[in-house]
Amino acid sequence: AAGVFACIASAMYLMASTRQATFVRAEARADLQQNGRVALHEIIRWLRMSGSDPLATGRFGFRDQPIAAAGPPRQFVAVASAARLRFTLDSNGDGVLQASDDEIVGFELDPACAGPPCTLRRLGAGPPQPQADNVARLRFRYFEATGRPIPNPPPDEFVLTPQERDAVRRIRVEVSVHAPTADGVQAFPLVSEVALRARLGSDADPMSVVG
């Protein structure tokens, strides 16, 4: 009887341990997926505001311009590449770019990471801030108003020129996060698109988000 009881108790313990491990993996996977969705939503939210220019100066968005700050002159340099974004918006409506995280925005994977996965960082006027961990991939794709990709066709790695940045009217954001599974890890891709404000405000596309 004692032997039978020991066998039953061992089997029950094994089942409980397996269920607990499965529950922990599922919970961790759900958390990582949610973190990825939050990070993607944050990128899209800021992209929707990129180029906000209440005074119609034509300087904001993916354009280079001086930064209003005390001390030596500083220049903001916009970036639109396959793996990195950096743009501006006039959040306070004064027509001048401030050295502020509300007016200078960008996103990238931590370049010091030897991964993947890596940490997704938000770029601003100050030090980069982590947005999400275990990000296996971050990629941006750019399109004209007609839907033609920029560049056409896009290579694996590229950096848009100032002229190409001016032509961008839609951006697709692709984020992939690593999550644990019973067999190891699995990549979960997340994709969304945003239509941008026109750079000069003369041929603006309606702002919308799809995906």
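Read on for an overview of the structure. (Residues numbered from 1 in each chain as written. Predicted model: local features only at pLDDT ≥ 70, side-chain atom pairs only at ≥ 80, totals over all residues. Heavy atoms only, no water.)

Quick word on the overall build of the chain
Right, so step 1: Assigned secondary structure in the chain consists of two helices and eleven strands.
Right, so step 2: For the chain, restricting intrachain contacts to residue pairs at least 6 apart in sequence, the fraction spanning at least 24 positions comes to 54%.
Right, so step 3: Accessible surface, the chain: about 11200 Å² in total, of which carbon and sulfur atoms supply 57%. (Helix = DSSP H or I, 4+ residues; strand = E, 2+ residues; numbered from the N terminus. Contact = heavy atoms within 4.5 Å. Areas by Shrake-Rupley, 256 points an atom, 1.4 Å probe, with all protein chains shown as cover.)

Considering the side chain of Glu-42
Right, so step 1: Relative to the assigned elements, Glu-42 resides in helix 1 (residues 2-49).
Right, so step 2: Among the polar contacts made by the side chain of Glu-42, one reaches the side chain of Trp-46 at a distance of 3.0 Å.
Right, so step 3: Once residues within four sequence positions are removed from consideration, Glu-42 is found in contact with Phe-107 and Gln-131. (Polar contact = N/O pair within 3.5 Å; in protein donor to acceptor, adjacent residues only side chain to side chain.)

A few points about the packing of aromatic side chains
Right, so step 1: Here the structure, examined in full by the defined rule, presents two aromatic pairs.
Right, so step 2: For the ring pair Phe-62 and Phe-87, a centre distance of 5.4 Å and an interplane angle of 45° mean the geometry is tilted. With Phe-62 in the loop between helix 1 and strand 1 (65-67) and Phe-87 in strand 4 (residues 84-88), this pair connects stretches of sequence that are 25 residues apart.
Right, so step 3: According to the relative accessible area criterion, Phe-62 is buried, its value standing at 2%.
Right, so step 4: The ring of Trp-46 carries the charged tip of Arg-122 above its face, separated from the ring centre by 4.6 Å.
Right, so step 5: Against the face of Phe-143 rests Arg-170, its NZ or CZ located 4.2 Å from the ring centre. (Phe/Tyr/Trp six-rings, centres within 6.5 Å; stacked < 30°, edge-to-face > 60°. Buried < 20%, exposed > 50% of the residue type's maximum accessible area, 1.4 Å probe, protein only. Lys NZ or Arg CZ within 6 Å of the ring centre and 35° of its normal.)

Comments concerning the pattern of salt bridges
Right, so step 1: Across all of its chains, the model carries eleven salt bridges by this definition.
Right, so step 2: Close ionic contact of Glu-108 with Arg-84 constitutes a salt bridge, the shortest N to O distance being 2.7 Å. Residue Glu-108 is located in strand 5 (residues 104-109), and its partner Arg-84 is located in strand 4; the two are separated by 24 residues in the primary sequence.
Right, so step 3: When salt bridges that share partners are traced, they join Arg-84, Glu-108, Asp-110 and Arg-121 into one network. (Salt bridge = Lys/Arg side-chain N within 4 Å of Asp/Glu carboxyl O.)

Concerning the pairing of strand 4
Right, so step 1: Most of strand 4 sits out of view: four of its five residues are buried.
Right, so step 2: Relative to strand 4, strand 3 (residues 79-80) runs antiparallel, the two sharing two bridges. Paired with Ala-80 across the strands is Leu-85, a residue of strand 4.
Right, so step 3: The hairpin turn running from strand 3 into strand 4, its antiparallel successor, is three residues long. (Pairing = 2+ DSSP bridges.)

Description of the state of the cysteines
Right, so step 1: If you walk through the whole model with that rule in mind, you get one disulfide.
Right, so step 2: A sulfur-sulfur separation of 2.2 Å characterises the disulfide bridge that pairs Cys-113 with Cys-118. Residues Cys-113 and Cys-118 are joined through a disulfide that is left-handed, its torsion about the S-S bond being -80°. (Disulfide = S-S within 2.5 Å.)

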